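Report on the structure
So you can see what is in the structure, the chains are spelled out below.
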Amino acid sequence: MITQAKFQSQFLHPKYWPMWFGTLILRLTQLLPMRWQMKIGAGLGRLVYRFLKKRVHIARRNLELCFPEKSEQEREALVLRNFEETGKAVFDSINAWWWSDAKVQKHSEILGFENLQTCLDNGQGVILFAVHALPLEMGARVYGQRGTGVGVYRPHNNPLMEYFQVNGRMKSATSLVPKREVRQMVKALRRPDVIWYTADQDFGRSTAVFIPLFAHQEAATITGATALAKMGRAKVLPFFIERNADDSGYLLDIGEPLEDFPGESEVDDAIRGNKIVEQLISRNPAQYMWLHRRFKTRPNEDDPSLY
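A short tour of the structure in this document, coming up. Remember, predicted model here, so these are calculated numbers, not experimental data.

A closer look at the overall build of the protein
Looking only at helices and strands, one finds 11 helices and 9 strands in the protein. A globule of 307 residues ought to have a C-alpha radius of gyration of about 19 Å, and the protein, at 19 Å, matches this closely. Taking the principal axes of its C-alpha atoms as reference, the protein extends roughly 55 × 50 × 40 Å. Look at the contacts in the protein between residues 6 or more apart in sequence, and 78% of them connect residues 24 or more apart. Of the roughly 15,300 Å² of accessible surface on the protein, a fraction of 53% belongs to carbon and sulfur atoms. Positive and negative charge centroids in the protein, built from 41 and 34 side chains respectively, lie 8 Å apart.

Shown next as C-alpha coordinates:
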(Lines give C-alpha, C1' and ligand atoms only; values in the text may rest on other atoms or scores of the structure.)
Protein backbone atom coordinates (compact mmCIF):
# COMPACT_ATOMS: atom_id res chain seq x y z
CA MET A 1 0.00 0.00 0.00
CA ILE A 2 1.44 3.37 -1.06
CA THR A 3 0.93 6.40 1.17
CA GLN A 4 3.23 8.97 -0.44
CA ALA A 5 5.19 9.72 -3.59
CA LYS A 6 8.89 9.10 -3.06
CA PHE A 7 11.37 11.37 -4.81
CA GLN A 8 14.50 9.65 -6.13
CA SER A 9 17.81 11.28 -6.94
CA GLN A 10 17.80 9.57 -10.35
CA PHE A 11 14.97 11.92 -11.39
CA LEU A 12 17.60 14.69 -11.72
CA HIS A 13 19.40 12.79 -14.50
CA PRO A 14 19.38 14.63 -17.86
CA LYS A 15 17.35 11.85 -19.48
CA TYR A 16 14.39 13.00 -17.37
CA TRP A 17 14.75 16.72 -18.18
CA PRO A 18 12.35 16.63 -21.17
CA MET A 19 9.67 15.06 -18.96
CA TRP A 20 10.24 17.69 -16.26
CA PHE A 21 9.92 20.43 -18.87
CA GLY A 22 6.78 18.93 -20.37
CA THR A 23 5.24 18.54 -16.93
CA LEU A 24 6.00 22.18 -16.13
CA ILE A 25 4.19 23.30 -19.31
CA LEU A 26 1.20 21.10 -18.49
CA ARG A 27 1.10 22.39 -14.94
CA LEU A 28 1.05 25.99 -16.14
CA THR A 29 -2.06 25.27 -18.21
CA GLN A 30 -4.05 24.68 -15.03
CA LEU A 31 -3.91 28.48 -14.61
CA LEU A 32 -6.04 28.98 -17.73
CA PRO A 33 -9.80 29.53 -17.37
CA MET A 34 -11.58 26.20 -17.68
CA ARG A 35 -13.47 27.19 -20.85
CA TRP A 36 -10.17 28.08 -22.54
CA GLN A 37 -8.74 24.73 -21.52
CA MET A 38 -11.69 22.92 -23.03
CA LYS A 39 -11.52 24.81 -26.32
CA ILE A 40 -7.84 23.91 -26.63
CA GLY A 41 -8.62 20.31 -25.63
CA ALA A 42 -11.35 20.00 -28.26
CA GLY A 43 -8.88 21.21 -30.88
CA LEU A 44 -6.32 18.64 -29.76
CA GLY A 45 -8.98 15.97 -30.00
CA ARG A 46 -9.85 16.95 -33.57
CA LEU A 47 -6.15 16.69 -34.51
CA VAL A 48 -5.99 13.19 -33.02
CA TYR A 49 -9.18 12.27 -34.90
CA ARG A 50 -7.57 13.40 -38.13
CA PHE A 51 -4.20 11.70 -37.77
CA LEU A 52 -4.51 8.66 -35.47
CA LYS A 53 -6.64 6.52 -37.75
CA LYS A 54 -6.05 3.33 -35.76
CA ARG A 55 -7.65 4.84 -32.65
CA VAL A 56 -10.48 6.27 -34.73
CA HIS A 57 -11.10 2.77 -36.09
CA ILE A 58 -11.23 1.30 -32.57
CA ALA A 59 -13.75 3.88 -31.35
CA ARG A 60 -15.82 3.52 -34.51
CA ARG A 61 -15.86 -0.26 -34.20
CA ASN A 62 -16.81 -0.17 -30.51
CA LEU A 63 -19.78 2.06 -31.28
CA GLU A 64 -20.80 -0.14 -34.20
CA LEU A 65 -20.79 -3.22 -31.95
CA CYS A 66 -22.63 -1.50 -29.10
CA PHE A 67 -25.15 0.57 -31.06
CA PRO A 68 -25.96 -1.14 -34.38
CA GLU A 69 -29.38 0.52 -34.29
CA LYS A 70 -27.78 3.94 -34.80
CA SER A 71 -27.12 5.15 -38.31
CA GLU A 72 -23.57 5.38 -39.59
CA GLN A 73 -23.87 9.17 -39.58
CA GLU A 74 -25.00 9.19 -35.93
CA ARG A 75 -22.13 6.97 -34.87
CA GLU A 76 -19.56 9.02 -36.79
CA ALA A 77 -20.81 12.22 -35.18
CA LEU A 78 -20.41 10.53 -31.79
CA VAL A 79 -16.88 9.40 -32.69
CA LEU A 80 -15.85 12.97 -33.49
CA ARG A 81 -17.43 14.29 -30.29
CA ASN A 82 -15.69 11.54 -28.34
CA PHE A 83 -12.30 12.59 -29.68
CA GLU A 84 -13.02 16.20 -28.77
CA GLU A 85 -13.95 15.06 -25.27
CA THR A 86 -10.80 12.95 -25.11
CA GLY A 87 -8.71 16.04 -25.86
CA LYS A 88 -10.54 17.91 -23.10
CA ALA A 89 -9.80 15.03 -20.72
CA VAL A 90 -6.10 15.97 -20.83
CA PHE A 91 -7.06 19.09 -18.91
CA ASP A 92 -9.41 17.15 -16.62
CA SER A 93 -6.38 15.20 -15.43
CA ILE A 94 -4.20 18.31 -15.17
CA ASN A 95 -6.88 19.99 -13.08
CA ALA A 96 -7.30 16.89 -10.90
CA TRP A 97 -3.59 16.80 -10.10
CA TRP A 98 -2.83 20.51 -9.69
CA TRP A 99 -5.92 22.57 -8.94
CA SER A 100 -6.21 23.82 -5.37
CA ASP A 101 -9.00 22.40 -3.20
CA ALA A 102 -10.75 25.77 -3.34
CA LYS A 103 -10.75 25.72 -7.14
CA VAL A 104 -12.01 22.12 -7.26
CA GLN A 105 -14.87 23.04 -4.94
CA LYS A 106 -15.73 26.12 -7.02
CA HIS A 107 -16.07 24.00 -10.17
CA SER A 108 -17.78 20.87 -8.82
CA GLU A 109 -20.96 19.50 -7.28
CA ILE A 110 -21.51 16.21 -5.46
CA LEU A 111 -24.81 14.34 -5.36
CA GLY A 112 -25.58 11.30 -3.20
CA PHE A 113 -22.69 11.52 -0.75
CA GLU A 114 -25.13 10.61 2.02
CA ASN A 115 -25.55 7.17 0.39
CA LEU A 116 -21.89 6.46 0.99
CA GLN A 117 -21.76 7.99 4.45
CA THR A 118 -24.67 5.88 5.66
CA CYS A 119 -22.79 2.70 4.72
CA LEU A 120 -19.67 3.80 6.57
CA ASP A 121 -21.71 4.83 9.60
CA ASN A 122 -23.15 1.30 9.63
CA GLY A 123 -19.65 -0.19 9.68
CA GLN A 124 -19.72 -1.31 6.04
CA GLY A 125 -16.97 -0.71 3.52
CA VAL A 126 -17.88 0.83 0.17
CA ILE A 127 -16.96 -0.19 -3.36
CA LEU A 128 -17.49 2.73 -5.73
CA PHE A 129 -18.49 1.01 -8.96
CA ALA A 130 -17.26 3.35 -11.70
CA VAL A 131 -16.76 3.34 -15.46
CA HIS A 132 -13.89 4.86 -17.42
CA ALA A 133 -15.59 8.18 -18.01
CA LEU A 134 -13.03 10.55 -19.48
CA PRO A 135 -13.03 12.90 -16.42
CA LEU A 136 -12.56 9.93 -14.03
CA GLU A 137 -9.32 11.39 -12.63
CA MET A 138 -11.25 14.48 -11.63
CA GLY A 139 -13.98 12.26 -10.16
CA ALA A 140 -11.59 11.02 -7.50
CA ARG A 141 -10.40 14.58 -6.75
CA VAL A 142 -13.96 15.90 -6.42
CA TYR A 143 -14.87 13.01 -4.12
CA GLY A 144 -11.78 13.78 -2.04
CA GLN A 145 -13.29 17.13 -1.07
CA ARG A 146 -15.87 15.31 1.06
CA GLY A 147 -14.49 11.88 1.86
CA THR A 148 -11.42 9.68 2.01
CA GLY A 149 -10.68 6.43 0.26
CA VAL A 150 -8.17 4.02 -1.23
CA GLY A 151 -7.29 4.38 -4.89
CA VAL A 152 -6.83 1.22 -6.97
CA TYR A 153 -4.42 1.89 -9.83
CA ARG A 154 -1.92 0.46 -12.30
CA PRO A 155 1.67 1.50 -11.46
CA HIS A 156 3.46 3.26 -14.31
CA ASN A 157 6.54 1.67 -15.89
CA ASN A 158 8.39 5.00 -16.00
CA PRO A 159 9.59 5.79 -12.44
CA LEU A 160 9.28 9.58 -12.84
CA MET A 161 5.80 9.26 -14.32
CA GLU A 162 4.94 6.98 -11.41
CA TYR A 163 6.13 9.70 -9.04
CA PHE A 164 3.91 12.30 -10.72
CA GLN A 165 0.97 9.87 -10.81
CA VAL A 166 1.19 8.97 -7.13
CA ASN A 167 1.74 12.58 -6.10
CA GLY A 168 -1.31 13.68 -8.08
CA ARG A 169 -3.61 10.92 -6.91
CA MET A 170 -2.66 11.19 -3.26
CA LYS A 171 -4.50 14.52 -3.26
CA SER A 172 -7.74 12.53 -3.36
CA ALA A 173 -6.84 9.29 -1.54
CA THR A 174 -5.38 8.21 1.79
CA SER A 175 -3.38 5.50 0.00
CA LEU A 176 -3.00 3.72 -3.34
CA VAL A 177 -3.13 -0.01 -3.96
CA PRO A 178 -1.87 -1.71 -7.16
CA LYS A 179 -4.81 -3.38 -8.90
CA ARG A 180 -3.50 -6.91 -8.26
CA GLU A 181 -3.21 -6.46 -4.48
CA VAL A 182 -6.64 -7.88 -3.65
CA ARG A 183 -5.70 -8.65 -0.04
CA GLN A 184 -4.96 -4.98 0.62
CA MET A 185 -8.30 -4.00 -0.91
CA VAL A 186 -10.17 -6.43 1.32
CA LYS A 187 -8.30 -5.17 4.37
CA ALA A 188 -9.29 -1.59 3.51
CA LEU A 189 -12.95 -2.50 3.04
CA ARG A 190 -13.10 -4.23 6.41
CA ARG A 191 -11.74 -1.14 8.24
CA PRO A 192 -14.28 0.07 6.86
CA ASP A 193 -13.03 2.29 4.03
CA VAL A 194 -13.84 3.20 0.44
CA ILE A 195 -12.21 1.91 -2.76
CA TRP A 196 -12.77 2.68 -6.42
CA TYR A 197 -13.46 -0.25 -8.74
CA THR A 198 -13.98 -0.51 -12.51
CA ALA A 199 -15.09 -3.56 -14.47
CA ASP A 200 -15.69 -2.01 -17.88
CA GLN A 201 -12.42 -2.86 -19.64
CA ASP A 202 -11.08 -6.04 -21.23
CA PHE A 203 -8.56 -7.67 -18.88
CA GLY A 204 -8.13 -10.89 -20.84
CA ARG A 205 -9.59 -14.38 -20.79
CA SER A 206 -8.23 -15.80 -17.52
CA THR A 207 -10.59 -13.94 -15.18
CA ALA A 208 -13.46 -13.26 -17.58
CA VAL A 209 -16.97 -14.41 -18.30
CA PHE A 210 -18.48 -13.63 -21.70
CA ILE A 211 -21.73 -11.76 -21.27
CA PRO A 212 -23.71 -9.00 -23.02
CA LEU A 213 -22.69 -5.36 -23.02
CA PHE A 214 -25.10 -3.19 -24.98
CA ALA A 215 -25.76 -5.04 -28.26
CA HIS A 216 -22.57 -7.12 -28.17
CA GLN A 217 -23.35 -10.50 -26.62
CA GLU A 218 -19.86 -11.78 -25.75
CA ALA A 219 -17.97 -9.06 -23.89
CA ALA A 220 -15.13 -10.41 -21.73
CA THR A 221 -16.03 -9.15 -18.25
CA ILE A 222 -14.27 -9.61 -14.92
CA THR A 223 -16.21 -10.79 -11.87
CA GLY A 224 -14.03 -9.28 -9.16
CA ALA A 225 -16.78 -7.11 -7.68
CA THR A 226 -18.50 -10.22 -6.33
CA ALA A 227 -15.39 -11.51 -4.54
CA LEU A 228 -14.46 -8.07 -3.19
CA ALA A 229 -17.95 -7.44 -1.85
CA LYS A 230 -18.07 -10.87 -0.19
CA MET A 231 -14.59 -10.85 1.33
CA GLY A 232 -14.73 -7.18 2.28
CA ARG A 233 -18.30 -7.38 3.58
CA ALA A 234 -18.88 -4.21 1.56
CA LYS A 235 -21.66 -2.38 -0.21
CA VAL A 236 -21.44 -1.54 -3.92
CA LEU A 237 -22.49 1.96 -5.02
CA PRO A 238 -22.57 3.28 -8.62
CA PHE A 239 -20.18 6.20 -9.11
CA PHE A 240 -20.36 8.60 -12.06
CA ILE A 241 -18.48 11.77 -12.99
CA GLU A 242 -19.15 14.02 -15.95
CA ARG A 243 -18.15 17.43 -17.17
CA ASN A 244 -21.04 19.86 -17.49
CA ALA A 245 -22.44 20.44 -20.97
CA ASP A 246 -21.11 24.01 -20.98
CA ASP A 247 -17.66 22.90 -19.76
CA SER A 248 -18.00 25.05 -16.63
CA GLY A 249 -17.36 22.33 -14.05
CA TYR A 250 -17.96 18.75 -12.92
CA LEU A 251 -20.86 16.80 -11.48
CA LEU A 252 -20.25 13.72 -9.31
CA ASP A 253 -23.16 11.40 -8.58
CA ILE A 254 -22.95 8.54 -6.05
CA GLY A 255 -25.88 6.14 -6.30
CA GLU A 256 -27.68 4.12 -3.66
CA PRO A 257 -26.20 0.76 -2.52
CA LEU A 258 -27.12 -2.17 -4.74
CA GLU A 259 -29.68 -4.43 -3.14
CA ASP A 260 -28.86 -8.14 -2.78
CA PHE A 261 -25.33 -7.76 -4.11
CA PRO A 262 -23.44 -10.01 -4.23
CA GLY A 263 -25.98 -12.62 -5.22
CA GLU A 264 -25.72 -16.38 -5.52
CA SER A 265 -23.94 -16.37 -8.89
CA GLU A 266 -20.92 -14.31 -9.91
CA VAL A 267 -22.08 -14.53 -13.54
CA ASP A 268 -25.46 -13.06 -12.62
CA ASP A 269 -23.64 -10.37 -10.64
CA ALA A 270 -21.45 -9.58 -13.67
CA ILE A 271 -24.51 -9.34 -15.91
CA ARG A 272 -26.08 -6.98 -13.42
CA GLY A 273 -22.83 -5.03 -13.27
CA ASN A 274 -22.78 -4.62 -17.06
CA LYS A 275 -26.33 -3.28 -16.93
CA ILE A 276 -25.11 -0.64 -14.51
CA VAL A 277 -22.14 0.07 -16.79
CA GLU A 278 -24.60 0.59 -19.66
CA GLN A 279 -26.68 2.98 -17.57
CA LEU A 280 -23.65 5.02 -16.52
CA ILE A 281 -22.20 5.23 -20.03
CA SER A 282 -25.60 6.19 -21.45
CA ARG A 283 -25.71 9.25 -19.20
CA ASN A 284 -22.99 10.83 -21.33
CA PRO A 285 -21.72 8.50 -24.08
CA ALA A 286 -19.48 11.14 -25.64
CA GLN A 287 -17.45 11.29 -22.41
CA TYR A 288 -16.71 7.57 -22.28
CA MET A 289 -13.35 5.98 -23.16
CA TRP A 290 -14.31 4.40 -26.50
CA LEU A 291 -10.66 4.33 -27.65
CA HIS A 292 -10.02 1.19 -25.56
CA ARG A 293 -10.29 -2.17 -27.40
CA ARG A 294 -13.11 -3.29 -25.16
CA PHE A 295 -13.90 -6.43 -27.18
CA LYS A 296 -10.38 -7.63 -28.04
CA THR A 297 -10.70 -10.94 -26.11
CA ARG A 298 -12.89 -13.48 -27.88
CA PRO A 299 -14.57 -16.51 -26.29
CA ASN A 300 -12.28 -18.85 -28.24
CA GLU A 301 -8.62 -18.19 -28.97
CA ASP A 302 -9.08 -18.94 -32.67
CA ASP A 303 -12.01 -16.55 -33.08
CA PRO A 304 -11.15 -13.73 -35.49
CA SER A 305 -10.48 -10.27 -34.07
CA LEU A 306 -13.38 -7.83 -34.08
CA TYR A 307 -10.94 -5.04 -34.88
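Here's the deal with the pattern of salt bridges
Tallying each qualifying case throughout the model produces 15 salt bridges. For D92, the salt bridge goes to R243, with nearest N and O atoms at 2.8 Å. A residue pair is termed long-range when its members are at least 10 positions apart, and D92 in helix α4 (residues 72-98) and R243 in strand β8 (residues 234-243) qualify at 151 residues. Each member of the pair, D92 together with R243, is buried. Close ionic contact of D253 with R283 constitutes a salt bridge, the shortest N to O distance being 3.1 Å. Remark: R283 occurs in helix α11 (residues 266-283) and D253 occurs in strand β9 (residues 250-254); sequence separation between them is 30 residues. Classification of R283 as partly exposed rests on a relative accessible area of 38%. Here the residues in one salt-bridge network are E85, K88, D92, R243 and D247, joined through shared partners.

Here's the deal with the environment of E74
Summarising the element assignment, E74 is placed in helix α4. Looking at E74, the relative accessible area reads 45%, which means it is partly exposed. Along the backbone, E74 and I276 are 202 residues apart, and their C-alpha atoms lie at a distance of 24 Å. Here S71 takes part through its backbone nitrogen, which lies 2.8 Å from a polar atom of the side chain of E74.

Section: the pairing of strand β3 (residues 150-153)
In terms of strand pairing, β3 meets strand β4 (residues 175-178) through 4 bridges, oriented parallel. Residue pairing across strands places G151 opposite L176, the latter belonging to β4. Crossover β3 to β4 through helix α8 (residues 159-169) is right-handed.

Notes on the pairing of strand β5 (residues 194-198)
Counted residue by residue, β5 has 4 buried out of 5 residues, so it is predominantly covered. With 5 bridges connecting them, strand β2 (residues 125-130) and β5 associate as parallel partners. Bridge pairing links V126 to V194 in β5.

Some words on α8
Given 3.6 residues per helical turn, the α-helix brings residues three or four places apart onto the same face. Among the residues making up α8, those that are buried are L160, E162, Y163, F164, Q165, V166 and G168. On the buried face of α8, the contacting elements are α1 (17-28), α4, β3 and β4. A distance of 2.9 Å separates the backbone nitrogen of L160 from a side-chain oxygen at the start of α8, and that oxygen is part of N158.

A short note on the packing of aromatic side chains
Under the counting rule described, the total for this entry stands at 17 aromatic pairs. Pairing F129 with Y197 gives two aromatic rings, centres 6.3 Å apart and planes at 35°, and the pair type is tilted. In this pair, F129 sits in strand β2 while Y197 sits in strand β5, placing the two residues 68 residues apart along the sequence. F129 gets classed as buried once you look at its relative accessible area, which sits at 5%. Between Y143 and W196, the aromatic rings sit 5.2 Å apart at their centres with planes inclined by 90°, giving edge-to-face as the arrangement. Pair noted here: Y143 is in helix α7 (residues 136-143) and W196 is in strand β5, with a separation of 53 residues, a long-range link. Of the aromatic side chains, those joined through ring pairs into one cluster are F7, F11, Y16, W20, Y163 and F164. One residue, K53, lies across the ring of Y49, its end atom 5.9 Å from the ring centre.

Focus on the nonpolar core
The biggest cluster of nonpolar side chains holds 77 residues, and the ones touching the most others in it are L116, I127, L128, Y143, I254 and W290. With 8 residues, α4 is the single largest residue contributor to this core. Among residues more than four places away in sequence, those in contact with L128 are L116, V194, I195, W196, Y197, L237, F239 and I254. Judged by nonpolar contacts, the second largest core, of 5 residues, contains Y153, V166, M170 and A173.

So, helix α2 (residues 34-51)
The first and last C-alpha atoms of α2 sit 26 Å apart over 18 residues, in line with the 26 Å expected at 1.5 Å per residue. Among the residues of α2, M34, Q37, M38, G41, A42 and G45 are the ones counted as buried. The buried residues of α2 all sit within an arc of 135° when viewed along its axis, so they share a single face. Facing away from the buried side of α2 by over 90 degrees, the exposed positions are W36, K39, R50 and F51. Turning to α2, the residues buried within the fold contact α4, β8 and β9.

Conventions and cut-offs
Residues numbered from 1 in each chain as written. Predicted model: local features only at pLDDT ≥ 70, side-chain atom pairs only at ≥ 80, totals over all residues. Heavy atoms only, no water. Helix = DSSP H or I, 4+ residues; strand = E, 2+ residues; numbered from the N terminus. Rg over C-alpha atoms; globule rule 2.2 N^0.38 Å. Contact = heavy atoms within 4.5 Å. Areas by Shrake-Rupley, 256 points an atom, 1.4 Å probe, with all protein chains shown as cover. Lys, Arg positive; Asp, Glu negative; His and termini not counted. Charge placed at Lys NZ, Arg CZ, Asp CG, Glu CD. Salt bridge = Lys/Arg side-chain N within 4 Å of Asp/Glu carboxyl O. Buried < 20%, exposed > 50% of the residue type's maximum accessible area, 1.4 Å probe, protein only. Polar contact = N/O pair within 3.5 Å; in protein donor to acceptor, adjacent residues only side chain to side chain. Pairing = 2+ DSSP bridges. Right-handed = clockwise from strand over helix to strand, strands pointing away. Phe/Tyr/Trp six-rings, centres within 6.5 Å; stacked < 30°, edge-to-face > 60°. Lys NZ or Arg CZ within 6 Å of the ring centre and 35° of its normal. Core = buried A, V, L, I, M, F, W, Y, C linked by side-chain atoms within 4.5 Å. Expected span 1.5 Å × (residues − 1). Arc of directions from axis to C-beta.

Function cannot be inferred from these measures alone, as they are strictly geometric.
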